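Residues per chain, in single letters:
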Amino acid sequence: MIKEENRKGFTLAEVLITLAIIGVVAVMTIPTLIKKYEQKVTITKLKHTYSLLNQAYKLSVVDNGELHDWNLTTTSEPVQYVKKYWFPYFKGAKLCETYSDCGYTKPRPWNKPSGIVSQEDVTGTTARSAFILQDGTVISFRIPPKNQSELSPKINIDINGGKLPNVAGKDYFFLGVNEKGVFPLYADYTQEKIEKLCKDETTASSCFAKIVNDGWQIKSDYPW
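Residues numbered from 1 in each chain as written. Predicted model: local features only at pLDDT ≥ 70, side-chain atom pairs only at ≥ 80, totals over all residues. Heavy atoms only, no water.

Time to look at the overall build of the protein. The number of helices and strands found in the protein is 4 helices and 6 strands. Listed N to C, the secondary structure of the protein is α-α-β-β-β-β-β-β-α-α in terms of helices and strands. Taking 2.2 N^0.38 as the reference for a compact globule, 224 residues should give roughly 17 Å; the C-alpha atoms of the protein span a radius of gyration of 24 Å, well beyond that estimate. Summarising its shape, the C-alpha atoms of the protein cover approximately 95 × 40 × 35 Å along the three principal directions. For the protein, the proportion of its 224 residues judged to be buried stands at 39%. For the protein, the share of sequence-separated contacts (at least 6 apart) that also reach a separation of at least 24 residues comes to 52%. The average position of the 28 basic charges and that of the 24 acidic charges among the side chains of the protein differ by 3 Å. (Helix = DSSP H or I, 4+ residues; strand = E, 2+ residues; numbered from the N terminus. Rg over C-alpha atoms; globule rule 2.2 N^0.38 Å. Buried < 20%, exposed > 50% of the residue type's maximum accessible area, 1.4 Å probe, protein only. Contact = heavy atoms within 4.5 Å. Lys, Arg positive; Asp, Glu negative; His and termini not counted. Charge placed at Lys NZ, Arg CZ, Asp CG, Glu CD.)

When you tally the buried positions in strand β2 (residues 128–132), you get 5 out of 5 residues, the bulk of the element. Burial along β2 is two-sided: Arg128, Ala130 and Ile132 facing one way and Ser129 and Phe131 facing the other are all buried. Inspection of the sheet shows strand β1 (residues 94–96) paired to β2 by 3 bridges, in the antiparallel sense. For leucine 95, the partnering residue across the bridge sits in β2 and is phenylalanine 131. (Pairing = 2+ DSSP bridges.)

Before going further, it helps to spend a moment on unusual backbone geometry. For the peptide bond that leads from leucine 164 to proline 165, omega is 20°, which places it in the cis range. Positive phi, close to 55°, is recorded for asparagine 166, a residue that is not glycine. Summarising the element assignment, asparagine 166 is placed in the loop between β4 (154–158) and β5 (172–178). The class of asparagine 166 is buried, set by a relative accessible area of 4%. The phi torsion at alanine 204 lies on the positive side, around 50°, for a residue other than glycine. Here alanine 204 is to be found in the loop between α3 (191–199) and α4 (207–213).

A word on the state of the cysteines. Applying the stated criterion across every chain, the model contains 2 disulfides. Two residues share a disulfide in this structure: cysteine 96 and cysteine 102, whose sulfurs sit 2.0 Å from each other. On the S-S bond that ties cysteine 96 to cysteine 102, the torsion sits near 100°, and the link is right-handed. By relative accessible area, cysteine 96 is classed as buried at 3%. (Disulfide = S-S within 2.5 Å.)

A few words now on helix α2 (residues 78–85). Looking only at α2, the buried set comprises Pro78, Tyr81, Val82 and Tyr85. Summarising the axial view, the buried residues of α2 lie within an arc of 95°, below the 170-degree limit, and thus occupy one face. (Arc of directions from axis to C-beta.)

Pairing in this open sheet of 6 strands is antiparallel, and the strands run β1-β2-β3-β4-β5-β6 from one edge to the other. Two strands close off the open sheet at either side, each with one partner strand: β1 and β6 (181–184). The average angle at which neighbouring strand axes cross in this sheet is 30°, direction not considered. With 5 bridges joining them, β4 and β5 adopt antiparallel strand pairing. Each residue of the ladder has a partner; that of isoleucine 157, found in β5, is phenylalanine 173. Of the strands in this sheet, β3 (138–142), β4, β5 and β6 touch helix α1 (residues 12–64), which is tilted by about 150° from β6. Packing against the sheet, α2 makes contact with β1, β2 and β3, and its axis sits at approximately 45° to β2. (Axes fitted to C-alpha atoms, helices over the stretch in contact; angles between N-to-C directions.)

See the structure below:
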């Protein structure tokens, strides 16, 4: 028979202290792990969408001629422009006639990091048209009005569509297109200017350019 004084075990106090330590460690580490996972997913989806856009552009050039021949200023409807020059080159995509077709609950679903609501519509206006990809990414085009001298559209991409956070620099990014193809908006700015615009909570307009310039990484100085 084992004597009482020889039994080994943990007291209730010791168990509670151990659980408390585990809880503290979890509270400290889980948010970091979640953040790193979200950033990894963001990079993967950005790369994929960026590649698809450039592939589509090249195919459209083959079919429709160079970008300067696409004649934006005489396009009567943005949806017609998107239907002709972009939409056919995305397998399984769905054209969004309304913002709800793209999975949003309001026409202007995006925010700046400061909380300011972006004044950019998803689609369904005289200057906007959009479609949603099979993976839920929304690609929205702003077509220059006829009375403007812009030669190319601006492209917004939301890598998870109507899902939150719908914030610039987190899941909502800005691109442009020129004769060479699709590129991160403001990629031609100096690195200093790119850093400043990305960290500006009222714009966050160059964050995609920062990610690309940083070697397709979200570094510790990125305003996440």
